[in-house]
Each structure stands twice: as structure tokens, then as C-alpha cells.
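Take a look at the letters that make up each chain.
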Amino acid sequence: MTSQSAPESIRKRIAQLQKELLDHDYRYYVLADPVISDQEYDRLMRELTELEEHYPEFRTPESPTQRVGGEPAKEFPAVTHTRPMLSLSNTYNENELYDFDRRVRNGLGDENVSYVAEIKFDGVAVTLHYEKGVFHLGATRGDGMQGDDITANLRTVRSIPLQLRNDGRNYSRLEIRGEIIMFKDDFFALNEFREEHGQRLFANPRNATAGTLKLQDSKIVAQRKLRFFAYQLLSDDVKSDSHYERLNMLLDMGLPVGNKFERYTSVEKVIGFCRNIEKERDELPYEIDGVVVKVDSLSRQDKLGTIAKSPRWATAYKFTARKAETKLNAIALQVGRVGTITPVAELDPVLLGGTTVKRATLHNEDEIKRLDVRTGDTVIVEKGGDVIPKITGVVKEKRPKGTRKFSFPDECPVCKSGIKRLDGEAHYYCMNTECPAQIRGRLEHFVGRQAMDIDGLGEAIIDQLINHKLVITPADLYDLKKEDLVPLDRMGEKSASNLINAIEKSKAQPFNRILYALGIRHVGLGVARVLAGEFGSIEALQKATEEELTNVPEIGPRIAQSVVAFFQEQNNSEMIGRLKKAGITFATEHRKQKKQTRKEKTFVLTGALESLTRDEAQALIETRGGKVSLSVSRKTDYVVAGSGAGSKLDKARELNVTILNEEEFLNMVKEN
Ligand code: IVH
């Protein structure tokens, strides 16, 4: 069929539907004031899709039906940014905002400055190019100079108009920068789906957004419900010198600009805005990590310029550690490898400081009594300077009827043997060293990354080894033969050989790791390193008395007692004998020079960590007496490498600096 034969009424109906759907998107995403239901919207969309299928000559690239399409991309072409995409300097308290204000006013030589305060979205920065009002290119920030062309993925984001409204169409070129985010509810739904399908979960909406934008199949991106919020209109053709006016122009052109932005003539008012937003932040449907404060005048922005990679005319005011309310569904009891029974709160998932929290420790019986926390309660979860979420209170007004005080059972939840709370200890212990939870815990600890680092021995395999009675103590691992492994679930010839090789390889681990792997109570990585350095061999350590142990500055009586008790136990000496026979050397090759360990350690952070921000990591280091430095040198003790770590990591390798991954870093923090 050709356009000549298509009735005029059809052409009109198509144009009308295109416009109507565009308007509905605008009402929904920009005005947050939809006038039709989702079903009605879908009905209009179906009608348009069908009409365009019959009369493709009326289908334009900007039609609302044309958000998804094309073949999956093989790779994303590079895009050089028209102007660098900068990052922002951070401020953490009101005094630092006053400092910022002073620097700005000094820089401009003027007492009167207008600021725009707006929300700092916690997502992924992108830039959008429009030509004559039509969206034609979208890219990631990349390294700030060059990003990836992800136009196809961005076209699927319904809050990005494929065509601008009003004045937007009159400009030959416009560039709009902003943030792609995922709403909290959409994030939870996505993770729920992924959990059901056995896929890896995303730690937070930002990671989910970044992961989604990297997908090569835009059809999947379209299902993920990403959102866009604009925060910058670049273009010399736009006459206005005011950022505030430009944000309003963006709204008029059909772009969402976030719920709140204000212009103020004093930093006090800006601080008031920050306080209000911080109070309201949990009510917002998306994650934010602060407020961005910008000098309103663009010519004054230019005058102030940039320093390093951040503008002098803007700063991010970052919020501090968070609390959140959520429902406590159950108090579970976990049995650790030394029999410690820890109560754990199972929670309705809640976002806290950029990660999803589903469980939080309740420490011990006294803590539960102190808080009087009960199943069904609404509780307050906090993530402070420490990374581990804690329950810090109960919202008593929200307590449902019929809850009961929690009482500790008198038997182990796993093996049902008696449990005991020892004098002076806060914890109950399962006294049965053959308890399956303990056996499993000891094995998991022994093979862990920080310990013997045996690859391919995940939870599922360990469970099978225990169930088939192939392994009870770590020493049994070294008697395993390939024939034992092949019949296990999810284990082929190849993985069986790999596992045998990995077990063999673990024999070469250094003494301090082996010592840590033994799982002696109170002997973490740090203590194991000290003991290995001081005593040099397992024989020397086995002979050491409590007094000799406490003579070592880092070793207190609690650790000393625990070490002595461990070696007194016959099962343990037997196990060590077998491990030695298997070929493990329990000795340090070079005894360490004493007394250097007291020096403060220098850390360099690089790449993105999953469970905490840079600032949180830095705080953890500093509160423990360490130092954070920006570049890697021979003086660096540790490089903490997150995902996407680049040149600093290479440098660390080159200089042979110890590299820690996130898990290792967190464990080290816990030890200290
Ligand atoms: S303005 C030169 N405004 O924060 C200033 N950025 O650390 C450019 N961000 O990469 C950014 N909300 O991804 C600006 N309202 C906002 C923002 C915002 C979030 C992100 C953006 C940028 C990062 C800077």
C-alpha cells in the first residue's frame, strides 16, 4: 500500500496517536500528573503500532513506537565529548559549604552571588544530543573526555523525549546532560526476578543502572524501566546566562528535571535546602546522595573555571550515614565455625547507604533484651562508620498486636545438642564440635580466599562432600581423589581435576595464611600474621605458653588462652599432623624483622567498591589509624582495588604492593 492509497483519515489518526502518546509521556515523566491509566496508554500504543505496520510510510523515527529496535550492538562506538564531563568536589558539612561560598565570592570579587541548589541523583551520567529537536545521540561519561555511544539503549528510556516540545525544536543543536537512575521499587522488582532466575543480584540501583546501560541488547534495556533526569543544558545558541532559567527551559522542552531545584542568594538558604532534602530523602522514590550547589550565572561559572577535574563553581554536599526503617520478619540463629550462635535479623529489603540490606546482626542475647526486639516489629537499621548493618532501635508505636518477647532456645538450631553461655561471654555456643554447621563453617573458612584460597570449593560442593562423608576435617581434603569427586552433582571430569589441582596448589600457601585457615578462635588475619612472624613455625607455637604469647605486644590474654586451648585439643594436633604429612609446611621462610608493624599503614583506593563508597572506605581506614594516599608509590602498603581499577592497579603490580580486593579489605577492617 502506498501513501496515495492510504486514506487521509488514517494519516491523521497516526499523527494524532503519535502526538497523544508523546503528551502522555510528558505528563507522566515531567509533570508527574498522568491523565490516563497504564492500560489506556497501552491500548493507544497498540493501535498506533498496528496502524504503522499497515502504513509504514507514516512511521517516523521519533514515533513513540520506535524506542526499541535494531540488532544488538557488538560494541559501543566511542564518542568524544563537546566539552569534558566533569566530576564534582565534595563537601560533608555546613562549614565546608561556607568555605565553598567564600571561595566563590573571593574568586568573583563580588559579595552577591546566586546559587542553584538541586538534587544529586545517585545514578549514571549521560549526555544527550538533539538536532532540531530530535534525539540523535546519547553517550556515557566514560573518562570525561570520551564516552560510549549508547543511543540505542537510551532511546528505550521513556522519560527521554525522542522529540523535544515547544522551543526545543527551534535549535539546530542542543546538548543536555543528566543522570540515568532506577527507581527503588523497580530495582527491588528487578532483583527479585533475578533471584528467582538464579542470576547475580545488583548491590544497589546505581549498579543496576550501570549494568543495564552496558547491555548490548536494547530490548532488555527497555524492560528495565530506567529513568532520566536532566541537570544541565549546554549550547551557545541558548541565550540565557542563568542555569536556573535553563533548567526551566528544559522542563518546557519536555525533559524531567527532578522534583526540586531552587535559586537562592545566600548560602544560609542553600543550607536550609540541604537540610530539608536530607529529611525528605527516604520519601523520594529514588536514591540520592546529596545536593549539588551551582553558581547560577554561566558567565560567572566560566570566570571561576575548573581545577583538576572539578568545576570551582559547583560542589556536591554529601549526606552522612543513614538510617532506615524496615520490618523484621524473623530472628534467625546462625551457628559459626567455632560454635558461636549469633542472632541475625531477617528484614524486608531496604536500601541503606547504597546497598540493599536484608539481614542485620543482633549481636547476642543481651542486645535483643536491651532493644526488646520482636518478630513483626518495625526496626531501625543503621550503617555507621562500620560497614555492617545493625539494628539500633524498635519503633514501638508500630508494634503489631500479639508479638512475643524473644527467648533464646536451649538447644543448637542445627544439631539440637545443648548450648551454653560461658561465664563472661556474651554468646551462646553449640558445644558439639561435630555439629554439621561447625564442620561446614570450618571447611568454608579453611578454603576461603584469605585462607587456603582453594578455587572451586563453593558451598554446594562442600555440602555434598560432607553429606557423602568424604570430608569432615580440612585434613580430609588432601586425601580426596578425582574418582571421589566425579560422581558429585555438577562435577565433571574436568572440574574434578581442576579441584584436585587447586587443593594441591594450596599446599604452598605461606604459614600466616595456613595459621589463619586453622580457624583458631580470635585468630584473624592480622593476629595470624603476627604469630607467624613471631614464632616462625607451628612447633614453636604449639609449645608456647600463655605467658610467652602475651609477651608479644599484639597478643592479649584472650587470644593467648584460645591459642593454647586449640593446640591442647587432641583432634587439632591430629589434624595438624595429617596436614603436615600431606605436604603443608607450617613455617615462615623469612622471620620478619620485629617491630615494624606499629607504623601507620598507607592505603590507596582505586576503582569502585560494591558495598561502600570511597568516603566510607577512607573513614574506615582513618579511624583505625591508617592513612589514605592518592598515588601508588614504594611507600604504599596496600592498594584496595574495586571494579574498573586501572593504572593505579598496574602500578601496584609493578611495585609489588599488596593488592586487596573488597572482601579482603573488609576482612582486614574487621580484624582491626
Ligand atoms: S552537575 C560540572 N548536577 O554527579 C558539573 N551532577 O560528581 C557536572 N550528578 O558525574 C555535574 N546529580 O553524574 C550535576 N544535579 C546534578 C547531579 C549531578 C547527580 C552526578 C553526575 C556527575 C557527578 C559529579
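The structure under discussion appears in the preceding block.
Keep in mind that this is a model prediction, so the values were computed, not measured. (Residues numbered from 1 in each chain as written. Predicted model: local features only at pLDDT ≥ 70, side-chain atom pairs only at ≥ 80, totals over all residues. Heavy atoms only, no water.)

Participant: Would you mind showing me how to read the overall build of the chain here?
Facilitator: Each helix and strand counted, the chain has 25 helices and 24 strands in total. Oriented by its inertia axes, the alpha-carbon framework of the chain measures out at about 95 × 65 × 60 Å. Expressed as a percentage of its 672 residues, the buried residues of the chain come to 48%. Sequence-distant contacts, at least 24 apart, represent 67% of the contacts inside the chain between residues at least 6 apart. For the chain, the accessible area works out to roughly 34,300 Å², and carbon and sulfur atoms hold 48% of it. Distance between charge centroids for the chain: 2 Å, based on 100 positive and 101 negative side chains. (Helix = DSSP H or I, 4+ residues; strand = E, 2+ residues; numbered from the N terminus. Buried < 20%, exposed > 50% of the residue type's maximum accessible area, 1.4 Å probe, protein only. Contact = heavy atoms within 4.5 Å. Areas by Shrake-Rupley, 256 points an atom, 1.4 Å probe, with all protein chains shown as cover. Lys, Arg positive; Asp, Glu negative; His and termini not counted. Charge placed at Lys NZ, Arg CZ, Asp CG, Glu CD.)

Participant: How should I be thinking about the sheet that holds strand β3 (residues 115–121) in this particular structure?
Facilitator: Paired through their backbone hydrogen bonds, the strands of a sheet run either parallel or antiparallel. Taken in spatial order, the five strands make up an open sheet running β2-β13-β10-β3-β9, and their pairing is mixed. At either end of the open sheet lies a strand with only one pairing partner, and these are β2 (89–91) and β9 (261–264). Taking each pair of neighbouring strands and ignoring which way they run, the sheet shows an average axis angle of 30°. In this sheet, strand β13 (residues 314–318) lies alongside strand β10 (residues 288–295) in antiparallel orientation, the contact comprising five bridges. Bridge pairing in β13 links Val292 to Ala316. (Pairing = 2+ DSSP bridges. Axes fitted to C-alpha atoms, helices over the stretch in contact; angles between N-to-C directions.)

Participant: Is there a simple way to think about the side chain of Lys507 in this case?
Facilitator: Among the secondary structure elements, Lys507 is positioned in the loop between α16 (493–506) and α17 (511–517). One polar contact links Lys507 to Glu504, side chain to side chain, over a distance of 3.1 Å. (Polar contact = N/O pair within 3.5 Å; in protein donor to acceptor, adjacent residues only side chain to side chain.)

Participant: Can you walk me through the pattern of salt bridges in this structure?
Facilitator: Between side chains of opposite charge, a pair can form when the charged atoms approach closely. Overall, the coordinates contain 42 salt bridges when judged by the stated rule. Among the salt bridges present, the one from Arg370 reaches Glu367, with a minimum N-O distance of 3.1 Å. Pair noted here: Arg370 and Glu367 are both in helix α11 (residues 365–371), with a separation of three residues, about one helical turn. A relative accessible area of 16% places Glu367 in the buried class. In this structure, Arg653 and Asp650 form a salt bridge, with 3.8 Å as the shortest nitrogen-oxygen distance. With Arg653 and Asp650 both in helix α24 (residues 647–654) and three residues apart, this pair spans about one turn of that helix. Residue Arg653 is classed as exposed on the basis of its relative accessible area, which comes to 53%. The class of Asp650 is partly exposed, set by a relative accessible area of 44%. Each of Asp372, Arg374, Asp377, Arg399 and Lys405 takes part in one network of salt bridges that share partners. (Salt bridge = Lys/Arg side-chain N within 4 Å of Asp/Glu carboxyl O.)

Participant: Looking at this model, I keep getting lost on the nonpolar core. Mind explaining?
Facilitator: Looking at soluble globular proteins, one finds that nonpolar side chains tend to be buried together. Counting residues in each nonpolar core, the largest one holds 56 residues, and the members touching the most others are Ile454, Leu477, Leu515, Leu518, Leu531 and Leu549. Sequence-distant contacts of Leu531, defined by excluding residues within four places in its chain, comprise Leu515, Val523, Gly536, Leu541, Leu549, Ile555 and Val563. Judged by nonpolar contacts, the second largest core, of 37 residues, contains Leu174, Ala230, Leu250 and Leu255. (Core = buried A, V, L, I, M, F, W, Y, C linked by side-chain atoms within 4.5 Å.)

Participant: Quick question: what am I supposed to make of empty space enclosed by the protein here?
Facilitator: Counted under the stated rule, the structure contains three cavities of 30 Å³ or more. Approximately 100 Å³ is the volume attributed to the largest cavity. In this structure, the largest cavity is lined by 14 residues; those nearest its centre are Leu22, Asp25, Tyr26, Pro161 and Gly254. Here the residues of the lining of the largest cavity are counted per class, giving seven nonpolar, three polar and four charged. Taken together, twelve residues make up the lining of the second largest cavity; nearest its centre are Arg281, Asp282, Glu287, Arg322 and Leu351. Secondary-structure elements contributing two or more residues to the lining of the second largest cavity are β14 (323–335) and β15 (340–352). Partitioning the lining of the second largest cavity into residue classes produces five nonpolar, one polar and six charged. (1 Å grid on protein atoms, 1.4 Å probe; cavity = no way out; pocket = protein on both sides within 12 Å on 5 of 7 lines; lining within 4 Å. Points joined across faces, edges and corners; volume = space filled by probe spheres on them. Nonpolar A, V, L, I, M, F, W, Y, C, P; charged D, E, K, R; others polar.)

Participant: Looking at this structure, I do not really get the packing of aromatic side chains. What am I missing?
Facilitator: The description of an aromatic ring pair uses the distance of the two centres, along with the angle that the planes make with each other. Summed over the entire model, instances satisfying the criterion amount to 19 aromatic pairs. A ring pair is formed by Tyr55 and Phe58, whose centres lie 6.5 Å apart and whose planes are at 35°; its orientation type is tilted. Look at Tyr55 and you get buried, because its relative accessible area is 11%. Given a relative accessible area of 15%, Phe58 falls into the buried group. An aromatic cluster is present here, built from Phe121, Phe183, Phe229 and Tyr286 joined pairwise through their rings. Positioned over the ring face of Tyr26 is Arg165, at 3.9 Å from the centre of the ring. Directly above the ring of Phe183 sits Arg227, whose terminal nitrogen or CZ lies 4.0 Å from the centroid. (Phe/Tyr/Trp six-rings, centres within 6.5 Å; stacked < 30°, edge-to-face > 60°. Lys NZ or Arg CZ within 6 Å of the ring centre and 35° of its normal.)

Participant: What exactly am I supposed to notice about the environment of Ile555 here?
Facilitator: Along the polypeptide, Ile555 turns up in the loop between α20 (546–550) and α21 (557–568). Taking the C-alpha atoms as reference points, Ile555 and Thr606, 51 residues apart in sequence, are found 32 Å from one another. Setting aside chain neighbours within four positions, we find Ile555 in contact with Val527, Val530, Leu531, Leu549, Thr550 and Ala560.

Participant: Hey, could you run me through the sheet that holds strand β23 (residues 638–641) in this one?
Facilitator: Here we have four strands laid out as an open sheet, ordered β22-β21-β23-β24, and parallel in their pairing. The open sheet has two edge strands with one neighbour each: β22 (627–628) and β24 (658–660). In the sheet, strand β21 (residues 602–606) pairs with β22 via two bridges, with the strands oriented parallel. The partner of Phe603 across the bridge, within β22, is Val628.

Participant: Could you clarify how one ought to interpret the site of the ligand in this entry?
Facilitator: Around the ligand, 14 residues are found, and the nearest of them are Glu118, Ile119, Glu179, Tyr231 and Lys294. Contact distances for the ligand include 3.3 Å between an oxygen atom and a side-chain N or O atom of Tyr231. At 3.0 Å, a side-chain N or O of Lys294 approaches a nitrogen atom of the ligand. Contact with the protein chains hides 91% of the accessible area of the ligand, taken as 520 Å² for the molecule alone. Counting residues per element, the ones that place at least two in the shell around the ligand are β3 and β10. Here the shell around the ligand gets four residues from one element, more than from any other, and that element is β3. Of the residues assigned to the shell around the ligand, the class counts are nine nonpolar, one polar and four charged. (Near = heavy atom within 4 Å.)

Participant: Looking at this structure, how should I read the packing of helix α12 (residues 436–447) against helix α13 (residues 459–467)?
Facilitator: Helix-helix packing: each pair is described by the crossing angle between the helix axes and the interaxial distance. Viewed as axis vectors pointing N to C, α12 and α13 meet at an angle of 130°, and their least axial separation amounts to 10 Å. Put simply, α12 runs oblique to α13. Of the two possible hands of crossing, α12 and α13 adopt the one that is right-handed. For the pair α12 and α13, the contacting residues are Ile439, Arg440, Leu443, Glu444 and Val447 in the first and Glu459, Ile462, Asp463 and Ile466 in the second. Along the lines of polarity and charge, the residues of the contact of α12 with α13 split into five nonpolar, no polar and four charged. (Parallel < 35°, antiparallel > 145°, perpendicular 65-115°, else oblique. Left-handed = near helix turned anticlockwise from the far one by under 90°.)

Participant: Looking at this structure, how should I read the environment of Leu128?
Facilitator: The topology assignment puts Leu128 in strand β4 (residues 124–131). With 46 residues separating them in the primary sequence, Leu128 and Leu174 have C-alpha atoms 8.2 Å apart. Those residues in contact with Leu128, other than ones at most four positions away along the chain, are Phe135, Leu137, Gly138, Leu154, Ile160, Leu174, Glu175, Ile176 and Phe228.

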